[in-house]
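Here is how the chains run, residue by residue.
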Amino acid sequence: MSDILSQLATILEARKSESAESSYVASLYARPDKMLEKIGEEAVETIIAAKNGDREQIIYETADLWFHTMVMLAQKGLSPDDVLNELARRFGVSGHAEKASRTKTV
């Protein structure tokens, strides 16, 4: 299931060396605030699709959200494996227990 994530991560890494004029991803790397705005925009669109119950739109918007989140991860030097490892760490742990174990930051 995560093979496509690995392939995409490789492409996103390669886009770091391209010009912002020739690559959408490179243009996001050049404008980190815009990249973060896109994540927020795609999150809102995913929520709206879920509220509307349109299966195809939910899939489409979630793909956009995952894509832009992966761009942010790559820009920060992180990979999908970092997130998958965190999910694996949480596997089998009660959601309530996991949340309670987090340190609170103000």
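Residues numbered from 1 in each chain as written. Predicted model: local features only at pLDDT ≥ 70, side-chain atom pairs only at ≥ 80, totals over all residues. Heavy atoms only, no water.

## Remarks on a nonpolar patch on the surface
Working step 1: Together, Val-83, Leu-84 and Leu-87 line one region of the surface with nonpolar side chains, adding up to about 230 Å² of accessible area.
Working step 2: By the secondary structure assignment, Leu-84 is in helix α5 (residues 80–90).
Working step 3: Looking at Leu-84, the relative accessible area reads 33%, which means it is partly exposed. (Patch = residues over 30% accessible without salt bridge, like charges linked within 9 Å, V, L, I, M, F, W, Y side chains within 5 Å. Areas by Shrake-Rupley, 256 points an atom, 1.4 Å probe, with all protein chains shown as cover. Salt bridge = Lys/Arg side-chain N within 4 Å of Asp/Glu carboxyl O. Helix = DSSP H or I, 4+ residues; strand = E, 2+ residues; numbered from the N terminus. Buried < 20%, exposed > 50% of the residue type's maximum accessible area, 1.4 Å probe, protein only.)

## A short note on the packing of helix α3 (residues 32–52) against helix α4 (residues 55–75)
Working step 1: Where α3 contacts α4, the axes come no closer than 8 Å and their chain directions differ by 155°. With respect to α4, the axis of α3 lies roughly antiparallel. Remark: the crossing between α3 and α4 carries left-handed chirality. On α4, the residues that touch Pro-32, Met-35, Leu-36, Lys-38, Ile-39, Glu-42, Ala-43, Glu-45, Thr-46, Ala-49 and Ala-50 of α3 are Gln-57, Ile-58, Glu-61, Thr-62, Asp-64, Leu-65, His-68, Thr-69, Val-71, Met-72 and Gln-75.
Working step 2: Each residue belonging to the contact of α3 with α4 can be placed in one class, and the counts come to eleven nonpolar, six polar and five charged. (Axes fitted to C-alpha atoms, helices over the stretch in contact; angles between N-to-C directions. Parallel < 35°, antiparallel > 145°, perpendicular 65-115°, else oblique. Left-handed = near helix turned anticlockwise from the far one by under 90°. Contact = heavy atoms within 4.5 Å. Nonpolar A, V, L, I, M, F, W, Y, C, P; charged D, E, K, R; others polar.)

## Structural notes on the side chain of Ser-23
Working step 1: On the secondary structure map, Ser-23 appears in the loop between α1 (3–14) and α2 (24–30).
Working step 2: At 3.3 Å, the side chain of Ser-23 forms a polar contact with the backbone nitrogen of Val-25.
Working step 3: Side-chain polar atoms of Ser-23 contact the backbone nitrogen of Ala-26, separated by 3.1 Å. (Polar contact = N/O pair within 3.5 Å; in protein donor to acceptor, adjacent residues only side chain to side chain.)

## A look at the side chain of Glu-61
Working step 1: Within the secondary structure, Glu-61 is located in helix α4.
Working step 2: No salt bridge is formed by the buried Glu-61, whose closest oppositely charged neighbour, Lys-38, lies at an N-O distance of 8.1 Å.
Working step 3: When sequence neighbours within four positions are dropped, the list of residues in contact with Glu-61 reads Glu-42, Glu-45, Thr-46 and Ala-49. (Lys, Arg positive; Asp, Glu negative; His and termini not counted.)

## Some words on the nonpolar core
Working step 1: Judged by nonpolar contacts, Leu-5, Leu-12, Val-25, Leu-28, Tyr-29, Met-35, Met-70, Val-71 and Ala-74 together constitute the single largest core of nine residues.
Working step 2: At the level of elements, α1, α2 and α4 are the ones that each hand at least two residues to this core.
Working step 3: Ignoring any residue separated from it by four or fewer positions in sequence, one finds Leu-5 in contact with Met-70 and Pro-80. (Core = buried A, V, L, I, M, F, W, Y, C linked by side-chain atoms within 4.5 Å.)

## As for the pattern of salt bridges
Working step 1: Taken as a whole and assessed by the stated rule, the structure comprises seven salt bridges.
Working step 2: Here Glu-41 and Lys-38 are joined by a salt bridge, their closest N and O atoms 3.0 Å apart. With Glu-41 and Lys-38 both in helix α3 and three residues apart, the pair spans about one turn of that helix.
Working step 3: Taking relative accessible area as the criterion, Glu-41 reaches 32% and is therefore assigned partly exposed.
Working step 4: Since its relative accessible area comes to 12%, Lys-38 is described here as buried.
Working step 5: Notably, a salt bridge pairs Arg-90 with Glu-86, separated by 2.9 Å at the nearest N-O pair. On the criterion of helical spacing, the pair formed by Arg-90 and Glu-86 is a turn pair, its members being four residues apart in helix α5.
Working step 6: The exposure class assigned to Glu-86 is partly exposed, which follows from its relative accessible area of 28%.

Distances and angles like these do not, on their own, reveal function.
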